[in-house]
Amino acid sequence: MKRCYFIALLMLTYMQLAAQQPADSMHYADEKHFKNIQQLTFGGDNAEAYWSYDGSHVIFQKSSAKEGILCDRMFIGKIPAAGEKFNYKQVSSGKGRTTCGYFLPGGKHIVYASTHLGGDSCPPVPDRSKLGNRYVWPVYDSYDIFMADTSGNITKQLTHTAGYDAEATLSPDGSKMIFTSVRDGDLDLYIMELSTGNTKRITTELGYDGGAWFSPDGKKIVWRASRPATEEEIKDYKDLLSKGLVAPTKMEVFVADADGTNAKQITHLGQANWAPNFTPDSKHIIFCSNHEYKRGFPFNMYLTDINGNGLEKVSRDKGFDAFPMFSPDGRKIIFSSNRNNGGTRDTNLFIADWAD
């Protein structure tokens with residue numbers, strides 16, 4: 001389920017369960033990798049916070065009915081000193097739904113996906129009652145990827161094809177963008193050269209491929225994927241996709257060379273394994289999973305090496321921990337969590353020093 005606008009829908013379902021959990025904590029005893037944890041946001045659904053190249057700012061998406069933010073908008077904020085308030089500002093227009101923000105090198109421009117060309121209002125969420133109350137994600141065909149300055153002025157539309165284009169991140173040098181698109185009939189990964197717009201498809205297997213990241217050394221990519229195998233699974237996947245939907249309950253983590261070659265599955269845990277990212281040494285993967293829990297909840301973060309060995313549980317919240325990203329210097333980690341929300345359904349941003 002990794003990245004992007006799906007977070008709001010994910011939490012709409014799972015926060016109902018989280019609200020039933022025992023009293024929570026800012027920092028759990030077994031979370032040995034976290035030191036000096038600090039809560040950045042307080043209220044609403046705050047997710048997918050990703051660092052600027054110099055580590056001074058983050059961009060993230062937020063929705064909050066109490067604040068009149070009815071679907072995800074993009075915000076940026078400067079990382080505060082310990083104990084100081086996190087101040088942030090909206091950089092998307094307030095039209096449509098936005099997701100998957102990322103800084104360009106230099107910190108003066110960002111990329112993100114938006115549905116605003118399809119209409120000013122938030123696009124409708126699926127009526128799950130018509131699908132047997134099944135958990136699904138919409139793949140809005142009005143999503144395209146845009147470049148903007150940090151004042152919110154859109155400077156360039158990067159994708160123009162019909163159908164879903166979103167989930168963009170950039171290579172370490174900022175020259176390439178990897179993203180998910182349905183332009184060729186399936187949800188696959190593509191790499192675009194930002195200077196020319198030249199775009200290449202790098203995944204071809206049937207199934208949803210998304211939430212991809214380049215490794216810090218630029219040599220590898222990691223992403224989440226579903227791989228329907230039986231006739232029933234394939235039919236179900238294709239039927240949902242024809243309706244602009246996907247069912248994200250079965251996904252695993254994959255890695256490949258940076259051009260998409262030598263792809264291999266590195267988790268075989270079952271259920272939903274998603275939101276993968278690299279550790280600063282490019283040799284390990286941190287990801288989110290519910291594989292320990294038959295009911296599909298909670299979600300916690302786990303570490304593994306790049307071959308899927310040495311699985312280690314990192315986080316311990318009884319609700320939802322996900323979307324980890326290490327700072328460029330590797331000293332800090334930022335993530336989204338239900339912890340310390342007072343029994344509400346809020347998901348907030350947390351930052352911590354990382355201890356090996």
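Participant: For this particular structure, what's the right way to read the sheet that holds strand S15 (residues 209–214)?
Facilitator: The strands making up a sheet associate through hydrogen bonds between their backbones, and the pairing can be parallel or antiparallel. One open sheet holds the four strands; their spatial order is S15-S16-S18-S19, and the pairing between them is antiparallel. One side of each edge strand has no neighbouring strand; the edge strands of this open sheet are S15 and strand S19 (264–265). Relative to S19, strand S18 (residues 252–257) runs antiparallel, the two sharing two bridges. Its bridge partner lying in S19, Phe254 is registered against Gln265.

Participant: Quick question: what am I supposed to make of the sheet that holds strand S2 (residues 45–51) here?
Facilitator: Ordered in space as S2-S3-S4-S5, the four strands form an open sheet in which the pairing is antiparallel. The open sheet is flanked by S2 and strand S5 (88–90), the only strands paired with a single partner. Ignoring which end each strand starts from, the neighbouring axes of this sheet average 25° apart. As paired elements, strand S4 (residues 69–78) and S5 share three bridges and run antiparallel to each other. Counterpart to Phe75 in the pairing with S5 is Gln90.

Participant: Whenever I open this one, the pattern of salt bridges confuses me. Can you help?
Facilitator: Any two side chains of opposite charge can pair, given that their charged atoms come close. For the coordinates displayed, the defined rule picks out 18 salt bridges. The residue Arg201 makes a salt bridge to Asp184 at a minimum N-O spacing of 3.9 Å. Of this pair, Arg201 sits in strand S14 (residues 199–201) while Asp184 sits in the loop between strand S12 (176–181) and strand S13 (188–193), placing them 17 residues apart in sequence. Under the relative-accessibility criterion, Asp184 is labelled partly exposed at 48%. For Lys250, the salt bridge identified is with Glu233, shortest N-O distance 3.9 Å. Highlighted residues: Lys250 in the loop between strand S17 (245–246) and S18 and Glu233 in helix H2 (residues 231–242), separated in sequence by 17 residues. Residue classification places Lys250 among the exposed positions, given a relative accessible area of 57%. Of the residues examined, Glu233 reaches a relative accessible area of 29% and is grouped as partly exposed. Counted as one network, the salt bridges with shared partners bring together Glu31, Asp321 and Arg339.

Participant: Teacher, can you tell me more about unusual backbone geometry here?
Facilitator: Leave glycine aside and you will find that most residues have negative phi; peptide bonds, for their part, are mostly trans. Cis geometry is found at the peptide bond from Phe297 to Pro298, where omega equals 10°. Looking at where Pro298 falls in the secondary structure, it is placed in the loop between strand S21 (284–289) and strand S22 (300–305).

Participant: Please clarify how H2 should be interpreted in this entry.
Facilitator: Two residues of an α-helix separated by three or four positions point the same way, owing to the 3.6 residues in each turn. When the terminal C-alpha atoms of H2 are compared, their 16 Å separation across twelve residues agrees well with the 16 Å that a helix rising 1.5 Å per residue should span. Within the sequence span of H2, burial applies to Tyr237, Leu240 and Leu241. Viewed end-on, H2 has its buried residues packed into an arc of 100°, placing them on one side of the element. Opposite the buried face of H2, by more than 90 degrees, sit the exposed residues Glu231, Glu232, Lys235 and Ser242. The inward-facing, buried residues of H2 abut S17. At the exit of H2 stands Gly244, carrying a positive phi of roughly 75°.

Participant: Could you clarify how one ought to interpret the state of the cysteines in this entry?
Facilitator: Throughout this description, disulfide means a covalent bond between two cysteine sulfur atoms. Within this structure, the stated rule accounts for one disulfide. The side chain of Cys71 participates in a disulfide bridge whose partner is Cys122; the two sulfur atoms lie 2.2 Å from each other. Residues Cys71 and Cys122 are joined by a disulfide whose S-S torsion is about -85°; by sign, that bridge is left-handed. Here Cys71 is found in strand S4, whereas its partner Cys122 is found in the loop between strand S7 (109–114) and strand S8 (137–138), with 51 residues between them in sequence. Classification of Cys71 by relative accessible area gives buried; the value is 3%.

Participant: I tried to follow the environment of Ala168 on my own but got confused; where do I start?
Facilitator: By the element assignment, Ala168 lies in strand S11 (residues 165–170). Residues Ala168 and Met251, 83 residues apart in the sequence, show an inter-C-alpha distance of 19 Å.

Participant: Help me out: how do you make sense of the nonpolar core in this one?
Facilitator: Side chains of a nonpolar character, in soluble globular proteins, are inclined to be buried together. If you look at the biggest cluster of nonpolar residues, it comprises 71 residues, and the most contacted ones within it are Ile145, Leu158, Met177, Leu187, Trp274, Ile285 and Phe323. Setting aside residues up to four positions removed in sequence, Met177 forms contacts with Ile145, Leu158, Ala168, Thr169, Leu170, Tyr190, Ile191, Met192 and Leu194.

Participant: Is there a simple way to explain the packing of aromatic side chains in this structure?
Facilitator: Centre-to-centre distance and the angle between the planes together describe a pair of aromatic rings. For the structure shown, the criterion picks out 25 aromatic pairs. A centroid spacing of 6.1 Å and a plane angle of 90° characterise the contact between Trp137 and Tyr208, whose relative ring orientation is edge-to-face. Highlighted residues: Trp137 in strand S8 and Tyr208 in the loop between S14 and S15, separated in sequence by 71 residues. When sorted by exposure, Trp137 lands in the same class as Tyr208, which is buried. Counting every residue linked through ring pairs, the aromatic cluster contains Phe34, Phe326, Phe335, Phe350 and Trp354. When the ring centre of Tyr190 is taken as origin, the NZ or CZ atom of Arg183, which lies over that ring, is 5.2 Å away. We note Arg227 situated over the ring of Phe254; from NZ or CZ to the ring centre the distance is 5.0 Å.

Participant: Sorry if this is basic, but what is going on with the side chain of Ser64 here?
Facilitator: Looking at the element boundaries, Ser64 is found in strand S3 (residues 57–64). Relative accessible area serves as the criterion here: at 6%, Ser64 is assigned to the buried category. Setting aside residues no more than four positions away along its own chain, Ser64 makes contact with Gly44 and Ile69.

Thresholds, definitions, all that
- Residues numbered from 1 in each chain as written.
- Predicted model: local features only at pLDDT ≥ 70, side-chain atom pairs only at ≥ 80, totals over all residues.
- Heavy atoms only, no water.
- Pairing = 2+ DSSP bridges.
- Helix = DSSP H or I, 4+ residues; strand = E, 2+ residues; numbered from the N terminus.
- Axes fitted to C-alpha atoms, helices over the stretch in contact; angles between N-to-C directions.
- Salt bridge = Lys/Arg side-chain N within 4 Å of Asp/Glu carboxyl O.
- Buried < 20%, exposed > 50% of the residue type's maximum accessible area, 1.4 Å probe, protein only.
- Expected span 1.5 Å × (residues − 1).
- Arc of directions from axis to C-beta.
- Contact = heavy atoms within 4.5 Å.
- Disulfide = S-S within 2.5 Å.
- Core = buried A, V, L, I, M, F, W, Y, C linked by side-chain atoms within 4.5 Å.
- Phe/Tyr/Trp six-rings, centres within 6.5 Å; stacked < 30°, edge-to-face > 60°.
- Lys NZ or Arg CZ within 6 Å of the ring centre and 35° of its normal.

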